[in-house]
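Residues per chain, in single letters:
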Amino acid sequence: DAGVIQSPRHEVTEMGQEVTLRCKPISGHNSLFWYRQTMMRGLELLIYFNNNVPIDDSGMPEDRFSAKMPNASFSTLKIQPSEPRDSAVYFCASSFLTGTSTTDTQYFGPGTRLTVL
Amino acid sequence: KNQVEQSPQSLIILEGKNCTLQCNYTVSPFSNLRWYKQDTGRGPVSLTIMTFSENTKSNGRYTATLDADTKQSSLHITASQLSDSASYICVVSARGNEKLTFGTGTRLTIIP
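Owing to the predicted nature of the structure, the values given are computational and were not obtained by experimental measurement.

S.K.: Give a description of the packing of aromatic side chains that names residues and reports values.
M.R.: For any pair of aromatic rings, geometry is given as the distance between the ring centres together with the angle between the planes. Under the definition given, this model contains 8 aromatic pairs over all chains. A centroid spacing of 6.1 Å and a plane angle of 45 degrees characterise the contact between Tyr62 of chain B and Tyr88 of chain B, whose relative ring orientation is tilted. Note that Tyr62 of chain B is positioned in strand 7 (residues 62-67) and Tyr88 of chain B in strand 9 (residues 86-94), a separation of 26 residues in sequence. Across the pair, exposure class does not vary: Tyr62 of chain B and Tyr88 of chain B are buried alike. The structure contains a cluster of three or more aromatic residues connected by ring pairs, namely Phe33, Tyr35, Tyr48, Phe91 and Phe108 of chain A together with Tyr36 and Phe102 of chain B. Its end group placed over the ring of Tyr62 of chain B, Arg61 of chain B keeps NZ or CZ at 5.7 Å from the ring centre.

S.K.: How would you sum up unusual backbone geometry? Please name residues and give values.
M.R.: All names here are of chain A. Each neighbour pair has its own omega, and for Ser7 with Pro8 the value is -10 degrees, a cis peptide bond. Within the secondary structure, Pro8 sits in the loop between strand 1 (5-7) and strand 2 (10-13). Unlike most non-glycine residues, Asn52 shows phi in positive territory, near 70 degrees. The exposure class assigned to Asn52 is partly exposed, which follows from its relative accessible area of 29%.

Rules and cut-offs
Residues numbered from 1 in each chain as written. Chains lettered and ligands numbered in written order. Predicted model: local features only at pLDDT ≥ 70, side-chain atom pairs only at ≥ 80, totals over all residues. Heavy atoms only, no water. Phe/Tyr/Trp six-rings, centres within 6.5 Å; stacked < 30°, edge-to-face > 60°. Helix = DSSP H or I, 4+ residues; strand = E, 2+ residues; numbered from the N terminus. Buried < 20%, exposed > 50% of the residue type's maximum accessible area, 1.4 Å probe, protein only. Lys NZ or Arg CZ within 6 Å of the ring centre and 35° of its normal.

Read these as geometric descriptors, not functional statements.
What follows is the structure in structure tokens.
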């Protein structure tokens, strides 16, 4: 298995532009998570999906952020318009949730490093 | 508010030495605690997962302990190797939801 795939790996854009990050979870996994990591705040959960349905989006910072999961093998995180404070590494992770969460390991992708100038 | 605090923030040790990283949490009700290793430029990788009833769990040279009464966990690394240089992140899950609370990590550097 190729693991969780994210694209692009690096993105540099100017303030005000739209940014779209993409994620392909591990085949067979039923849950997908979007995280943001910065030096100051560490890892923060933005949103997670179970069976393609958004379950908890309380971590999404503002209306400028939106996430979709149109099918089990693809998800996007969009920022529109982007701002310099959005600069961070964005990780996608997937897991197979069994309902007990005792052994549900999340597998992380390599991340997308976003720089907004 | 659910919180996870880790100490020290950073640690430098000589190759071959042992070290222990600490994690204190206030997440309630507790479900499980995980330790992740994150190499520079990569995503976190799970090392151990422990539930309320587990006191210790090992993964090779990594041994995690959990004291659910004091809400503390430690990660002990034995006979450190250069490849152990990474950030180690403590993550706690609350029962009833899949939301994880992350610590800010300990940056470990192994020097030859």
